[in-house]
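# Inside the fold
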Amino acid sequence: MHPLRLAVPLSLCATLAAAATAPYRQTLTSVERNKRAEKWQITSKEVTPRSKVPWSVRKVTLHGGKQEGVDLIHVDNGKIRFTVCPTRGMGLISASRGDLRLGWDSPVKEIVHPQYVNLQARGGLGWLDGFNEWMCRCGLENNGGPGTDRFINNVGDEATMDLTLHGKIANLPAQEVEVVVDREPPYTIHIRGTVHERMFYGPKLELRTDISTVPGSDTLRVKDVITNRGAQPQEFQILYHTNFGRPLLEQGATFAAPVARVIPMNDVAARAINNYPKYLGPTLGFVEQVYCMYPRADASGRSLAILQNRARNQAASVRYSVTELPYLTLWKNTAATNDGYVTGIEPGTNFPNTRSVERKLGRVPKLGPGASYSIAVDFGLHSGTSEVQALTDEIAAIQGDHRPVLEPRPEKKD
Amino acid sequence: MHPLRLAVPLSLCATLAAAATAPYRQTLTSVERNKRAEKWQITSKEVTPRSKVPWSVRKVTLHGGKQEGVDLIHVDNGKIRFTVCPTRGMGLISASRGDLRLGWDSPVKEIVHPQYVNLQARGGLGWLDGFNEWMCRCGLENNGGPGTDRFINNVGDEATMDLTLHGKIANLPAQEVEVVVDREPPYTIHIRGTVHERMFYGPKLELRTDISTVPGSDTLRVKDVITNRGAQPQEFQILYHTNFGRPLLEQGATFAAPVARVIPMNDVAARAINNYPKYLGPTLGFVEQVYCMYPRADASGRSLAILQNRARNQAASVRYSVTELPYLTLWKNTAATNDGYVTGIEPGTNFPNTRSVERKLGRVPKLGPGASYSIAVDFGLHSGTSEVQALTDEIAAIQGDHRPVLEPRPEKKD
Amino acid sequence: MHPLRLAVPLSLCATLAAAATAPYRQTLTSVERNKRAEKWQITSKEVTPRSKVPWSVRKVTLHGGKQEGVDLIHVDNGKIRFTVCPTRGMGLISASRGDLRLGWDSPVKEIVHPQYVNLQARGGLGWLDGFNEWMCRCGLENNGGPGTDRFINNVGDEATMDLTLHGKIANLPAQEVEVVVDREPPYTIHIRGTVHERMFYGPKLELRTDISTVPGSDTLRVKDVITNRGAQPQEFQILYHTNFGRPLLEQGATFAAPVARVIPMNDVAARAINNYPKYLGPTLGFVEQVYCMYPRADASGRSLAILQNRARNQAASVRYSVTELPYLTLWKNTAATNDGYVTGIEPGTNFPNTRSVERKLGRVPKLGPGASYSIAVDFGLHSGTSEVQALTDEIAAIQGDHRPVLEPRPEKKD
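Residues numbered from 1 in each chain as written. Chains lettered and ligands numbered in written order. Predicted model: local features only at pLDDT ≥ 70, side-chain atom pairs only at ≥ 80, totals over all residues. Heavy atoms only, no water.

### A closer look at the overall build of chain A
- Helix and strand content of chain A: seven helices and 27 strands.
- Considered along the principal axes of its C-alpha atoms, chain A spans approximately 85 × 60 × 45 Å.
- Going through the 414 residues of chain A one by one, you find that 61% of them count as buried.
- Taking as baseline every contact in chain A between residues at least 6 positions apart, the subset at least 24 positions apart corresponds to 67%.
- For chain A, the accessible area works out to roughly 15,800 Å², and carbon and sulfur atoms hold 52% of it.
- Of note, chain A has its 49 positive side-chain charges centred 3 Å away from the centre of its 42 negative side-chain charges. (Helix = DSSP H or I, 4+ residues; strand = E, 2+ residues; numbered from the N terminus. Buried < 20%, exposed > 50% of the residue type's maximum accessible area, 1.4 Å probe, protein only. Contact = heavy atoms within 4.5 Å. Areas by Shrake-Rupley, 256 points an atom, 1.4 Å probe, with all protein chains shown as cover. Lys, Arg positive; Asp, Glu negative; His and termini not counted. Charge placed at Lys NZ, Arg CZ, Asp CG, Glu CD.)

### Brief notes about the pairing of strand β11 (residues 158-163) of chain B
Residue and element names in this part refer to chain B.
- What you see with β11 is a clean split: A159, M161 and L163 sit on the buried side and E158, T160 and D162 on the side with no burial.
- Where strand β10 (residues 147-152) meets β11, six bridges bridge the pair, whose relative direction is antiparallel. Considered in β11, the bridge of G147 is made with L163.
- From the end of β10 to the start of β11, which pair antiparallel, there are five residues, and G156 there has a positive phi angle of about 85°. (Pairing = 2+ DSSP bridges.)

### As for the interface of chain C and chain A
- Counting residues at the interface gives 35 residues for chain C, matched by 34 residues for chain A.
- Of the roughly 2,900 Å² buried between chain C and chain A, counting both surfaces, carbon and sulfur atoms make up 54%.
- At the boundary of chain C and chain A, one finds four salt bridges.
- Taking the shortest distance from any N to any O, the salt bridge between R198 of chain A and E110 of chain C comes out at 3.2 Å.
- Taken together, the links from chain C to chain A amount to 17 residue pairs in polar contact (both at pLDDT 80 or more).
- Broken down by secondary-structure element, the contributors of at least two residues to the side of chain C that touches chain A are α3 (121-124), β23 (327-334) and α5 (337-340) of chain C.
- With three residues, α5 of chain C is the largest single contributor of residues to the side of chain C that touches chain A.
- Residues belonging to the side of chain C that touches chain A are distributed by class as follows: 14 nonpolar, 13 polar and eight charged. (Buried area = accessible area lost by both parts, 1.4 Å probe. Salt bridge = Lys/Arg side-chain N within 4 Å of Asp/Glu carboxyl O. Polar contact = N/O pair within 3.5 Å; in protein donor to acceptor, adjacent residues only side chain to side chain. Nonpolar A, V, L, I, M, F, W, Y, C, P; charged D, E, K, R; others polar.)

### Here's the deal with the interface of chain B and chain C
- Taken together, the contact pairs 35 residues of chain B with 33 residues of chain C.
- For the pair chain B and chain C, the summed buried surface comes to about 2,900 Å²; carbon and sulfur atoms form 54% of the total.
- Counting the contacts that link chain B with chain C gives four salt bridges.
- Here E141 of chain C and R122 of chain B are joined by a salt bridge, their closest N and O atoms 2.9 Å apart.
- Across the chain B-chain C interface, the total number found is 16 residue pairs in polar contact (both at pLDDT 80 or more).

### Focus on the relation of the copies chain B and chain C
- For these two chains of identical sequence, chain B goes onto chain C by a turn of 120° and a shift of 0.0 Å along the axis, with RMSD 0.0 Å. This pairing of chains is accounted for by a three-fold axis. The position closest to the rotation axis in chain B is occupied by the C-alpha of Q115 of chain B, lying 3.3 Å away.
- When the interface residues of chain B are mapped onto chain C, a mere 9% of them again lie at the interface, so each copy presents a different face. (Least-squares fit on C-alpha atoms with pLDDT ≥ 70 in both.)

### Let's talk about the relation of the copies chain C and chain A
- For the pair chain C and chain A, the relating rotation is 120°, the translation along its axis is 0.0 Å, and the fit reaches an RMSD of 0.0 Å.
- Comparing interface residues between copies, only 9% of those in chain C also lie at the interface in chain A; the contact surfaces differ.

### Quick notes on the confidence of the model for chain A
Residue and element names in this part refer to chain A.
- Of the residues in chain A, 95% have a pLDDT of 70 or more, and the chain-wide mean is 95.
- Segment residues 1-8: pLDDT under 50, and zero contacts once partners within four positions in sequence are set aside and those in other chains are kept.
- This prediction of the complex comes with two scores: 0.95 for pTM and 0.93 for ipTM. (pLDDT = per-residue confidence, 0-100.)

### Observations concerning the sheet that holds strand β13 (residues 189-198) of chain B
Residues and elements named next belong to chain B.
- The strand order β2-β1-β12-β13-β14-β15-β26-β22-β21-β18 describes an open sheet built from ten strands, whose pairing is antiparallel. If you trace the sheet from one side to the other, it starts and ends with β2 (35-36) and β18 (254-256), each paired once.
- In terms of strand pairing, strand β12 (residues 176-181) meets β13 through six bridges, oriented antiparallel. Residue pairing for β13: E176 is matched across the bridge by T194.

### Description of the sheet that holds strand β12 (residues 176-181) of chain A
All names here are of chain A.
- Spatially, β2-β1-β12-β13-β14-β15-β26-β22-β21-β18 is the arrangement adopted by the ten strands of the open sheet, whose pairing is antiparallel. The sheet terminates laterally at β2 (35-36) and β18 (254-256), the two strands that pair on one side only.
- Relative to strand β21 (residues 302-308), β18 runs antiparallel, the two sharing three bridges. When the bridges of β21 are listed, F255 appears paired with L307.
- Against the sheet, helix α7 (residues 385-399) touches β18, β21, β22 (314-321) and β26 (372-383), its axis set at about 135° to β21. (Axes fitted to C-alpha atoms, helices over the stretch in contact; angles between N-to-C directions.)

### Let's talk about the environment of I238 of chain A
Residue and element names in this part refer to chain A.
- By secondary structure assignment, the location of I238 is in strand β17 (residues 237-244).
- The class of I238 is buried, set by a relative accessible area of 0%.
- For I238, the contacting residues outside a window of four places in its chain are R137, C138, L140, N143, D224, I226, L325, G348, T349, N350 and I375.

### A short note on the pattern of salt bridges
- Summed over the entire model, instances satisfying the criterion amount to 90 salt bridges over all chains.
- D149 of chain A is paired through a salt bridge with R359 of chain A; the nearest N and O atoms lie 2.9 Å apart. Highlighted residues: D149 of chain A in strand β10 (residues 147-152) and R359 of chain A in helix α6 (residues 355-360), separated in sequence by 210 residues.
- For D149 of chain A, a relative accessible area of 4% corresponds to the buried category.
- The salt bridge partner of K59 of chain C is D71 of chain C, with a shortest N-O separation of 3.2 Å. Highlighted residues: K59 of chain C in strand β4 (residues 56-61) and D71 of chain C in strand β5 (residues 71-76), separated in sequence by twelve residues. Accessibility classification places K59 of chain C together with D71 of chain C in one group, the buried group.
- The structure contains a network of salt bridges with shared partners spanning R122 of chain A together with E141, D149, E235, R355 and R359 of chain B.

### Focus on the packing of aromatic side chains
- Under the definition given, this model contains 42 aromatic pairs over all chains.
- For the ring pair F200 of chain A and W104 of chain C, a centre distance of 5.2 Å and an interplane angle of 80° mean the geometry is edge-to-face. Note that F200 of chain A is positioned in the loop between β13 (189-198) and β14 (204-213) and W104 of chain C in the loop between β8 (100-102) and α3, a pairing that runs across two chains. Each member of the pair, F200 of chain A as well as W104 of chain C, carries the same accessibility label: buried.
- Feature note: the residues W104, W127, F131 and W331 of chain A together with F200 and Y201 of chain B constitute an aromatic cluster, connected by ring pairs.
- One residue, K332 of chain B, lies across the ring of Y279 of chain B, its end atom 5.3 Å from the ring centre.
- Directly above the ring of Y327 of chain C sits R363 of chain C, whose terminal nitrogen or CZ lies 5.7 Å from the centroid. (Phe/Tyr/Trp six-rings, centres within 6.5 Å; stacked < 30°, edge-to-face > 60°. Lys NZ or Arg CZ within 6 Å of the ring centre and 35° of its normal.)

### A short note on the environment of E176 of chain C
Residue and element names in this part refer to chain C.
- Within the element layout of this structure, E176 appears in strand β12 (residues 176-181).
- Among residues more than four places away in sequence, those in contact with E176 are T29, S30, V31, E32, R192, G193 and T194.
- Reaching out from E176, the side chain makes a polar contact with the side chain of S30 at a distance of 2.7 Å.

### Topic: helix α7 (residues 385-399) of chain B
All names here are of chain B.
- Under the 1.5 Å per step criterion, the end-to-end length of α7 is 21 Å for 15 residues, consistent within 8% with the ideal 21 Å.
- Where α7 is buried, its residues meet β18, β19 (259-264), β21 (302-308), β22 (314-321) and β26 (372-383).
- Looking at the residues trailing α7, positive phi occurs at G400, about 60°. (Expected span 1.5 Å × (residues − 1).)

### Looking at the environment of E178 of chain A
Residue and element names in this part refer to chain A.
- Along the chain, the position of E178 falls in strand β12.
- Distance in space between the C-alpha atoms of E178 and R25 is 6.9 Å, their sequence separation being 153 residues.
- Setting aside residues up to four positions removed in sequence, E178 forms contacts with R25, Q26, T27, L28, H190, I191 and R192.
- Within the structure, E178 has its side chain in polar contact with the side chain of R25 (distance 3.0 Å).

### Some points on unusual backbone geometry
- Of note, the amide linkage connecting R246 of chain B to P247 of chain B takes the cis form, showing an omega dihedral of 5°.
- If you trace the backbone, P247 of chain B turns up in the loop between β17 (237-244) and β18.
- Residue P185 of chain C is joined to P186 of chain C through a cis peptide bond whose omega torsion reads 5°.
- Structurally, the position occupied by P186 of chain C is in the loop between β12 and β13 (189-198).
- Even without glycine at this site, M90 of chain B takes up a positive phi of about 65°.
- When you line up the elements, M90 of chain B lands in the loop between β6 (81-85) and β7 (91-97).
- The class of M90 of chain B is buried, set by a relative accessible area of 0%.
- In this structure, R312 of chain B is a non-glycine residue whose phi angle is positive, near 55°.

Written out as structure tokens, the structure reads:
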């Protein structure tokens, strides 16, 4: 046969094979391509017909009141479900596995469009007008409490600005959003998004996130890459504010994590430090207790923290690298149900003091021009006594004989 | 006959009868059901074919500039027309009866979407960027002038915040909006809406309003229920900022209300107190005059205030309960036409001093957890000498022999 | 013949002739008519079939992220192209002629919807979150740096407010937008828009702009009329912030303009004043240098300023009247590419000090009630050595023998 005639079909085969194995991709939002899908959905049948676990991804747009125009992406991996909100910085609204729901009942019920959030309101606490996510990133220029901090302005002078609670990233819409699904086992589903926190004469920080899950698994991974797109070194902060309410949080629920040291954020927390891993039921007038922790990690540098219910047959886990996120904050807010009964497990690049405090204490990292910082956090939904026991065993193994030091007093901040 | 066979038709009849008498309902906006109608309308023919008075309700969405995406509901009861704005806290834009128009010509011409209002701007006066309603609620966390006030923050400490002019409620969109029409005489038309002024670590106040009118009548009723959805006692304030310009307001127009005491808000108002019920024509450079009044009521506790034109053949009335709204404010702003020629009749839970002043003077009510506060205000459009005379007679009867005390000086505020 | 029969066709002819010569008009946005076109376009074929130069006007709506809902109008006059943004105060995003592009590469890439800009953020520098236009108006109540200034509040008292960088106009949407095309030669294309910067108890300033170009020409004209719609005298400020980056701006590019006096804005600029017309390449850590100039004009009162590339075969020109815009500011910001490599040529009613400084120095004009201020600025795109040489000759002719005075020190501001 004519070699050329053979060559053509061969290369075609290769192309087809590549096409077959190239991941499925669908752009949902693209500033570059001037696109935003109002509605869209896909299921395993269409993309991975050989997958034994049926899965689906569905994009919807919310309407009415403060949620007019908010985008949501619902992912069902066949075992767990979770919801991503591109309009609110690619945050995670909630997750569930059967009757185990991760998330909380904030007094803020709707998914609030950023146009209704004025971060500057209420002395820099305006962020609280939209806060109801299961996992909400705090950053990128700053996170932590509001406070005055210095910056270099356009004329090269040091000026002051009022930083707002937990920064901007949770109230910035993603510019590019796409769904990517591997056509090869294990058929991993990816929700990817890019959020820019950038301005002229200010930070040019980019967040690229890949939120992925394997059909049939009980975990999802948030893989973030933060890049400094400016030409000069740039401070940044990120904290994964992961929040839990009922049913997991209840009287007798407990927090567990391998930790070296636990420091109360303030005097209120100091007084209750001996009970720091234990939770009350909803308590009228409860004032938040915040504990700053130095986590211990396994040989690979990864650590975990869990919240388990009283019966110890349901738990949520947060796994992270102490190299990437060296500081772990536990926020206990077991207030009355209507005021927001919630606890937060928050690994971060820092503790949530206002930035000027964190800088003084050496906990504000910097990125060189063009440099990136990668972070991977895994979230698990665990059901049944044995699954939960395995987690506590793992924590005990990392903790080993090292008893955590409980500091009686808050850190000195001035 | 078989009893069952009889039973079935009977119950069916009952169901049908119930259906016939159950009010007509149409949801226009629902955060819960993820819905927002772009356009919609209904007329008496379709819902109450036996009504002798033709009526209609029409929902439109505004487009262009600052009014992009604003919802309006136009109600025509056959005699009067009025417009409700769900996007701006269920405020009332205007009302009319023939050539009698209630409302005013604000320098702000369009119905401004809240996304274009920054309440914090201009030292807390940003509210003025969108102010042009006939009746605009001021509240719910606070109303009155901007000013610093204290609040309890997340760590249980007293902190300060800068309250903004007249609060948030007029710039919050309704979450749930429905039209309800009774199918039985008098075929009352209801526009219902729910607006939430809620946040984490802050007020959780809910406004449920029912704005109703009977076809062929010359009044509409605003029935509001304010509920504290938080778990702790919560202060609130509400003031019905009802504004009138031409044609009712003109040189020689007069205000009338049964009052016990009239107190000037400041020295400017004090100097003009003897003429407080009388209006000038548009006056270049006129500085607002505000009078705080303790109204008198009839035996049932209800009072009224009116604005009548010079010829005393057109008037607007505001009727309210002094139990619900014990304080009446008169705002005279007979400035030049292009600056906003307007007067406000404003029954409220307080006078419009900044909240810290009102609190000190004992005029900031509190709602217990789950508690509600109900308010009904009736607005009337009156045409013809006899209709207007009846109003002034009614005011005279309530006033009786009690001459109002005109205070020469403003209240002490510090 | 019957006179009437003749009369009819004659008047009909007149009507048809008028129609033929009446300009083509298309409303794209109208608050008054409750209209906003999502997409639209027109070409020379449809409107001016006899035009030898093909032209087009195209309106699009942007989607995704921070640019969701932003309107753009693309004009192609057959020789140059430019883009107008009604959503951002009728600013000019960019212009081009072949490979000559006017505009710059801001770190802010998308066209930001005003809902994502909080002017009050970052100590009054929030404007920088959306700044990436080629030509952006600064004003109208104020422009220049942020700063505290006094104003008269609702009770007639002097109060203070925090003015924000460069004012509001660039973040206000146009209320009325239309495309008008002359059907007679030279078939001028007009993009008209009205933007209101108005509030109750505050400025009521109106900007009417007519952005026009003749098919086949290398210029466009911005003709603005600013009107005080209030009843009292009103200060205003406007500055045409015209920005250039690559390819025109490069190491060795030069600024040229006939000027009487050049004053450095601050000490940083003072140190570099001898090189004020020359540009560096992108320079890491470069701190902005701003020069305030008193321009010289030709006999008709018009002046010009140009930026030319190193090879002097490409240039951009800005032509204006020194009666309308007596002050010219040169902003040099040859920072690193990723931080924004850019220079601004900015004719204005004032220099960009904060308003309280400009007022003290007598550079804040006032408009009487109903009074208007007209400004015409021409922007040219020049290609080829001879075109560029003609510009420098023209500048030299206006400069004549008058050497510019270079002030060694900044102006005294307090």
